[in-house]
Amino acid sequence: MAISSKPASASAGPLNPKTTHREFFGFPGAVGVMGITVTVLYTWYFSCNERDGCQLPLTADRWRHVLASAADLQSYFNPQALKYVAMWWAWLAILYFVLPARKVQGVVLRNGQRLAYPISGLTSFLVTVLTAAAVYAQVGLAPFLWIAEHYFELAFASLVFSSLLAVFVYLYSFRHSSVEREGKPVVMLALAGNSGNPVYDFFIGRELNPRIGALDIKYFCELRPGIMGWALLNASFAIKQYAQQGSVSAAMWLAIVPQIAYCIDTLVFEDKVLTTMDITTDGFGWMLSFGDLTWVPFMYSLQARYLSFTPVHLSSEYAASVALLSVCSFFVFRLSNSQKNAFRTNPDDPKLKHLKYITTKTGSRLLVSGWWGMARHINYTGDWMYGLAQCLATGFATPMTYFFSAYFLVLLLHRNYRDECKCREKYGSDWDIYCKLVPYMFIPYLI
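Residues numbered from 1 in each chain as written. Predicted model: local features only at pLDDT ≥ 70, side-chain atom pairs only at ≥ 80, totals over all residues. Heavy atoms only, no water.

### Some words on the packing of aromatic side chains
Then, number 1: Evaluation of the coordinates by the stated rule reveals 48 aromatic pairs.
Then, number 2: Judged by centre distance (5.2 Å) and plane angle (75°), the rings of Tyr 42 and Phe 152 are edge-to-face. With Tyr 42 in helix α1 (residues 27–46) and Phe 152 in helix α6 (residues 151–172), this pair connects stretches of sequence that are 110 residues apart.
Then, number 3: For Tyr 42, a relative accessible area of 13% translates into the label buried.
Then, number 4: Between Phe 343 and Tyr 357 the ring centres are 5.7 Å apart and the planes differ by 55°, which places this aromatic pair in the tilted class. In this pair, Phe 343 is assigned in helix α14 (residues 316–345) and Tyr 357 in strand β8 (residues 357–359), connecting sequence segments 14 residues apart.
Then, number 5: The buried category is assigned to Phe 343, whose relative accessible area is 7%.
Then, number 6: One Lys or Arg, Arg 22, reaches over the ring of Tyr 200 and ends 5.9 Å from the middle of that ring.
Then, number 7: Over the ring of Phe 269 we find Arg 334; its NZ or CZ atom is 3.8 Å from the centre of that ring. (Phe/Tyr/Trp six-rings, centres within 6.5 Å; stacked < 30°, edge-to-face > 60°. Helix = DSSP H or I, 4+ residues; strand = E, 2+ residues; numbered from the N terminus. Buried < 20%, exposed > 50% of the residue type's maximum accessible area, 1.4 Å probe, protein only. Lys NZ or Arg CZ within 6 Å of the ring centre and 35° of its normal.)

### As for the pairing of strand β5 (residues 113–119)
Then, number 1: Burial analysis of β5 places five of its seven residues in the buried class, the great majority of the element.
Then, number 2: As paired strands, strand β4 (residues 102–105) and β5 are joined by four bridges and run antiparallel to one another. Note that in β5 the partner of Gln 105 across the bridge is Ala 116. (Pairing = 2+ DSSP bridges.)

### Observations regarding empty space enclosed by the protein
Then, number 1: In this structure the tally under the stated criterion is one cavity of 30 Å³ or more.
Then, number 2: As a volume, the largest cavity reaches approximately 50 Å³.
Then, number 3: Contributing elements (two or more residues each) for the lining of the largest cavity: β5 and α11 (277–280).
Then, number 4: By residue number, the principal contributor to the lining of the largest cavity is β5, which donates three residues.
Then, number 5: When the residues that make up the lining of the largest cavity are grouped by side-chain class, the tally is six nonpolar, three polar and one charged. (1 Å grid on protein atoms, 1.4 Å probe; cavity = no way out; pocket = protein on both sides within 12 Å on 5 of 7 lines; lining within 4 Å. Points joined across faces, edges and corners; volume = space filled by probe spheres on them. Nonpolar A, V, L, I, M, F, W, Y, C, P; charged D, E, K, R; others polar.)

### Some details on a nonpolar patch on the surface
Then, number 1: The grouping of Ile 94, Phe 97 and Val 98 at the surface amounts to a nonpolar patch, some 310 Å² of accessible area in total.
Then, number 2: For Val 98, the location among the structural elements is in helix α3 (residues 79–98). (Patch = residues over 30% accessible without salt bridge, like charges linked within 9 Å, V, L, I, M, F, W, Y side chains within 5 Å. Areas by Shrake-Rupley, 256 points an atom, 1.4 Å probe, with all protein chains shown as cover. Salt bridge = Lys/Arg side-chain N within 4 Å of Asp/Glu carboxyl O.)

### Examining α6
Then, number 1: Taking 1.5 Å per residue as the helical rise, α6 with its 22 residues ought to reach 32 Å, and the 31 Å between its terminal C-alpha atoms agrees with that figure.
Then, number 2: Within α6, 16 of the 22 residues are buried, which leaves the element mostly enclosed by the surrounding structure. (Expected span 1.5 Å × (residues − 1).)

### What about the packing of helix α17 (residues 403–427) against helix α18 (residues 429–437)?
Then, number 1: Contact pair α17 / α18: the axes reach a minimum separation of 6 Å and the direction vectors enclose 125°. As summarised for this structure, α17 and α18 are arranged oblique, according to the angle between their axes. Touching Glu 420, Cys 423, Arg 424 and Tyr 427 of α17 are Ser 429, Asp 430, Trp 431, Asp 432 and Cys 435, all from α18.
Then, number 2: Across the contact of α17 with α18, the residue classes break down as four nonpolar, one polar and four charged. (Axes fitted to C-alpha atoms, helices over the stretch in contact; angles between N-to-C directions. Parallel < 35°, antiparallel > 145°, perpendicular 65-115°, else oblique. Contact = heavy atoms within 4.5 Å.)

### Details of the nonpolar core
Then, number 1: In this structure, Trp 89, Trp 286 and Tyr 300 are the most contacted members of the largest nonpolar core, which totals 108 residues.
Then, number 2: It is α6 that contributes the most residues to this core, twelve residues altogether.
Then, number 3: Listed in part, the nine residues of the second largest apolar core include Ile 358, Cys 423, Trp 431 and Tyr 434. (Core = buried A, V, L, I, M, F, W, Y, C linked by side-chain atoms within 4.5 Å.)

### Overview of the state of the cysteines
Then, number 1: Using the criterion set out here, one finds one disulfide in the structure.
Then, number 2: In this model Cys 48 forms its disulfide with Cys 54; the gap between the sulfur atoms is 2.0 Å. Disulfide Cys 48-Cys 54: torsion about the S-S bond near -95°, hence left-handed. Here Cys 48 matches Cys 54 in class, with each residue buried. (Disulfide = S-S within 2.5 Å.)

### Topic: the pattern of salt bridges
Then, number 1: Counting across every chain of the model gives 15 salt bridges.
Then, number 2: Note that Arg 418 and Glu 23 form a salt bridge whose closest N and O atoms lie 3.6 Å from each other. You can see Arg 418 sitting in helix α17 and its partner Glu 23 sitting in the loop between β1 (2–4) and α1, a full 395 residues away along the chain. Judged on exposure class, the residue Arg 418 and its partner Glu 23 are both buried.
Then, number 3: What emerges from the salt-bridge pattern is a single network uniting Glu 23, Asp 282 and Arg 418.

### With respect to unusual backbone geometry
Then, number 1: At Phe 24, a position not held by glycine, the phi torsion is positive, near 55°.
Then, number 2: One can find Phe 24 in the loop between β1 and α1.
Then, number 3: Although it is not a glycine, Tyr 445 sits at a positive phi angle of roughly 70°.

### Re the layout of surface pockets
Then, number 1: Volume-wise, the second largest pocket comes out at about 1100 Å³.
Then, number 2: In terms of lining residues, the second largest pocket is bounded by 34 residues, among which Trp 88, Thr 128, Phe 144, Ile 147 and Leu 232 are the most central.
Then, number 3: Every element with two or more residues in the lining of the second largest pocket is listed here: α3, α4 (121–139), α5 (142–149), α6, α9 (225–245) and α12 (286–300).
Then, number 4: When grouped by side-chain class, the residues that make up the lining of the second largest pocket number 30 nonpolar, four polar and no charged.

Below is the structure:
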């Protein structure tokens, strides 16, 4: 369902202009990112596992081991794992359709339309949790232990599935012309995904909102299979630790409780994803398909996987400090985002009258007090420190479990760069005024 309105830029040019600026340096960057991320996925498993321990591959022998293990495809290609990954995706897709949902309209698109999205992610999660509880009541811990023991087989299956999905949506984007013709359907492409280079467009995402009937593939993948899969993997690794060690350690709780809480928080505020760049700007290609379905669940669960086979004993003082960091950073992340969302929804709300803002020439209002007067991306600061706390729960025996924190820092810095460029282009000189009023990007008086 789409609601039409007059597009603000109806006369500004063609609906699908040729891509002139290519992110990640275009074709070589796209190939490089695909190669590097898959290499990291392999390396972090074959260098950090129950059999070999958890050490960075800093020697020729370690790299030979990683390469030899990666080349042994038969040891980790499991058709059963591929079947389960497909079933997981299909299960959540069925819930997407059958569960009652509140319909929310997305932002106005370049063609003047707004797409409708079902908000039922949290309900899907709760139904899935109840189903998992029913499975446990019937057959015990065996299915969850299978998930933990066959982690990399599932990760490889997810890599195959997400890549095939990216191929499908790329080919599917050619079902109609991308050039407007009277009386003919037209596919709206992402502004960054119409370069004409098939490899780059496949990677970055050619179509903006690929849909099959009411199933919005990008929106569905953004929060459901990967986010919920992350929670399922964490729970499975905790169950494995319990089965092998007789209890769930404080370190494991400190790692998985904040992560599962983050997953639930994301689903509680599911409608807020509709204004993010992933939905409004980016196409759905390999980058998002792999990122949502493979990278998030299988790389973000690294801490729990490590703790499932490595006993880590934390002092009471250290554990309390990590817990305090988790709570404080979560509140920074959540309260700052909630303030921003409330102001966007109704800036004239009497509850927000204490907030100061500037009005730009575009008519937009930019907050210069409250959380957003402290730093332009204060929510990113809370988000990163929240992830750091989860890494600290693993102790200091190996730097490999801190990959999440290091990667997340790079990701947030890249998002910050994109945000700053977008805002500078949109607001012009008003953005310079705003930056003078809010000079810090992340941490007040420091950065």
